[in-house]
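Structural overview
Given next are the chains, with one letter for each unit.
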Amino acid sequence: MRHIISILIENEAGALSRVAGLFSARGYNIESLTVAVTEDASLSRMTIVTSGSENIIEQINKQLNKLVDVVKVADITEGAHIERELMMVKVDAKEAASRDELQRLADIFKGRIIDVSDNIFTVELTGEGEKLDSFLKALNDVLIIETVRSGATGIARGKKALQI
Amino acid sequence: MKLSGGEIVIQSLKDEGVEYVFGYPGGAVLHIYDAIYNQSDVEHILVRHEQGATHAADGYARSTGKPGVVLVTSGPGATNAITGIATAHLDSIPLVVITGQVTSAFIGSDAFQEVDSVGISRPCVKHNFLVKRAEDIAETMKKAFHIATTGRPGPVVVDIPKDITDPSIKIDYEYPKEVSIRSYNPTVQGNQRQIKKAVELILAAKRPMIYSGGGVVLSNASEELTAFTQQLGFPITQTLMGLGAYPASGKESLGMLGMHGTYEANMAMHDCDTLIAIGARFDDRVTGELEQFCPHAKIIHIDIDPSSIAKNVQVDVPIVGDVKHVLVDMSKELKLSKTKPDAKALEKWWKQINTWASGNCLRYDRNSALIKPQFVVEELHKVTNGDAFITSDVGQHQMFTAQFYPFEKPRRWINSGGLGTMGFGLPAALGVQLAHKDAVVACVTGEASIQMCIQELSTALQYNLPVKIIMLNNRYMGMVRQWQEFFYESRYSQSYLKALPDFVKLAESYGHVGMQIDKPADVNGALTEAFAMKDKLVFMDFVTDQTENVYPMIAAGKGHHEMHLQAECIPVQSSDRELA
């Protein structure tokens, strides 16, 4: 099953490699990994999307907690949560028809065209992974030049929070 | 106090109460070595290879419970140390390994003798640090010792660039009294509700079994384990790493379990209805085929490392905590309980176990004209009154020692159980002898293993370490040969050692005493003579039977009830039928 693991980790050089190394050494799978500093500059928040049996997810949790730099770990898929991913898609829009089509699709998916240079449009879209997938599918007639996705990040709903 | 970075490294060791640092100098650590030169509180032991330094520090740590300290240079110094670091990591041994690093400005430039020591060591340490400022050395050292020695112990690497040890830059030094790391708080006390649950299970057991491991030794919980076991009268088996925590002569002891464990221990594991795992990690060499592991048992697992629990085997009552604390609490809880163990069921269970034990699975041909390796180990036990520190290398001789040298005390059996590192025995013995100057220390080894760190014979001479080397020489990599005989139709691919040195002359050229023994009748006399030379390292080359195998044996992928026994032993029988 797919799980979203949130990690609070010391904002230190090498912390990311400890987590990445753990996953590769123990053969756990990483679908995506995002990391950035939190409001407390000494801490980074990492989000890993992974999958595995209940036993494997339990071990991932324990092994992450065992890393000395890791402050806290939570599997946010255990409870109600919100998940988002950011995508930017660069498309070739030389034809007027494809520009209209692109604008229409972006509106439907609540995306925005954030850059136009030399008939090349860049669309920004945020949502759950499936929505981003659907957008890419819907674009099938338009020439995609480049896609970049941030990987999923997420947060628990309500009072539940990952904090020290 | 104002000190240079190099002096701070050494002063930190003094303030930590370190007696010995095992090391080898090189460019990146010369400032630190200069600081060593100017003091006498911390004694430096110069090894001949950095692997030897880590194993010696490891032997020191295993035999004392104190952290072992290593100092090596950057690049090859650090990479040579890796095998020893990984060895300590897999057996949870506290080490602090200081590696020199190239000058900060050169890091990442493929400088001379540069490797990413933090990156290379990351998967085989408990934690590691790259120190960036001289001001951070003292606190990092404190953290390193704290992390290495608390919780589930392990090696910690501290990588120090040369420029921050510069003798011309002096800074204020104060060694921190305490250190707190917000992300690191090992659980010590067991959860009381879980302990109550465990005690209920224990008291309801009809066929109980205690399975204890190296965690008991690491936690210094030998007394508590002994009290707990005797209080219940339950059978106990110990892992390779746990031997000695419960005295082998204790009437509850069934010896070692696992791949080369005793028939009675493994059969009791297979048939028990309640398993109490204490400071053990369900290693594959212990469990055999997981599908068939303890098929009838409810399992209680006590371990300080939460990730050990349910890693290989699902358990019914996990208890996270320091084994010593948990055992004290369990014993208290047992005393308070009105229920008593089921004496009738226990009697029946012991009767069954004694039947299994009556086959005497640890048998060998005592009338052989050739020296049997088991015989040498038994004679070693006699000559040392069973009271020596025994280190070993890896292979058949290691298993023979575990089987035929009954250990009565913890920290007496020093071997690389997890990583299985050939070359461990001799340097480890040197570390043990340094820590216990007047004790009898012997290294049981083979002619293949000993050659992997033989250069440390030179270190032994330099520091007058009179360890006794008991080499069981069968001219084969014995365990490899055994597997090839069993599983590769006796195709002995690359396992025969041609062109062996004359070990007697070799020992003599290093300034030691060498002996070769090739007749069973001479074994006891030679051992007696060797151990009488109290101030000499004696290298004993026992020419043994080439074809002897380690029995009993569970082949990989088989269950505990499917042991290979020697032909003349009792037949293998699963007791599943009787249970049904």
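See the structure above.
Residues numbered from 1 in each chain as written. Chains lettered and ligands numbered in written order. Predicted model: local features only at pLDDT ≥ 70, side-chain atom pairs only at ≥ 80, totals over all residues. Heavy atoms only, no water.

Next up on the list: the overall build of chain A. The secondary structure content of chain A amounts to 4 helices and 9 strands. Listed N to C, the secondary structure of chain A is β-α-β-β-α-β-β-α-β-β-α-β-β in terms of helices and strands. Expressed along its principal axes, the backbone C-alpha trace of chain A runs to roughly 55 × 35 × 35 Å. Residues classed as buried in chain A amount to 41% of the 164 residues present. Of all intrachain contacts in chain A linking residues separated by at least 6 positions in sequence, the fraction that spans at least 24 positions is 74%. Of the roughly 8,800 Å² of accessible surface on chain A, a fraction of 51% belongs to carbon and sulfur atoms. Taking the average location of the 20 positive side-chain charges in chain A and that of its 25 negative ones, the two points are 5 Å from each other. (Helix = DSSP H or I, 4+ residues; strand = E, 2+ residues; numbered from the N terminus. Buried < 20%, exposed > 50% of the residue type's maximum accessible area, 1.4 Å probe, protein only. Contact = heavy atoms within 4.5 Å. Areas by Shrake-Rupley, 256 points an atom, 1.4 Å probe, with all protein chains shown as cover. Lys, Arg positive; Asp, Glu negative; His and termini not counted. Charge placed at Lys NZ, Arg CZ, Asp CG, Glu CD.)

Quick look at the overall build of chain B now. Each helix and strand in chain B was counted, giving 21 helices and 20 strands. Taking 2.2 N^0.38 as the reference for a compact globule, 580 residues should give roughly 25 Å; the C-alpha atoms of chain B span a radius of gyration of 25 Å, in line with that estimate. For chain B, the spread of C-alpha atoms along the principal axes amounts to about 80 × 60 × 40 Å. Taking all 580 residues of chain B together, 60% fall into the buried category. (Rg over C-alpha atoms; globule rule 2.2 N^0.38 Å.)

Moving on, we come to the interface of chain A and chain B. Size of an interface, as often reported, equals the accessible area lost when the parts are brought together. Counting from both sides, the interface comprises 19 residues of chain A and, opposite them, 18 residues of chain B. Considering only the side of chain A, the residues that lose the most area to chain B are Arg18(A), Lys62(A) and Val68(A), jointly responsible for 42% of the buried surface there. Arg182(B) is the salt-bridge partner of Glu10(A), the closest N and O atoms lying 2.8 Å from each other. Counting every contact that joins chain A to chain B gives 11 residue pairs in polar contact (both at pLDDT 80 or more). Elements with a contribution of two residues or more to the side of chain A that touches chain B: α1 (15-25), α2 (54-66) and β4 (70-75) of chain A. Considering each element in turn, the side of chain A that touches chain B owes the most residues, 6 residues, to α2(A). Tallied by class, the residues present in the side of chain A that touches chain B amount to 6 nonpolar, 6 polar and 7 charged. (Buried area = accessible area lost by both parts, 1.4 Å probe. Salt bridge = Lys/Arg side-chain N within 4 Å of Asp/Glu carboxyl O. Polar contact = N/O pair within 3.5 Å; in protein donor to acceptor, adjacent residues only side chain to side chain. Nonpolar A, V, L, I, M, F, W, Y, C, P; charged D, E, K, R; others polar.)

Our focus in this paragraph is a nonpolar patch on the surface. Together, Leu86(A), Met88(A), Ile114(A) and Val148(A) line one region of the surface with nonpolar side chains, adding up to about 280 Å² of accessible area. If you trace the backbone, Val148(A) turns up in strand β8 (residues 143-149). (Patch = residues over 30% accessible without salt bridge, like charges linked within 9 Å, V, L, I, M, F, W, Y side chains within 5 Å.)

In this section: the state of the cysteines. Residue and element names in this part refer to chain B. Tallying each qualifying case throughout the model produces 0 disulfides over all chains. Just so you know, Cys443 is unpaired, no disulfide at all, and the nearest cysteine sulfur is the one on Cys453, 10 Å from it. The class of Cys443 is buried, set by a relative accessible area of 0%. Take Cys453: its relative accessible area is 1%, and that puts it in the buried class. (Disulfide = S-S within 2.5 Å.)

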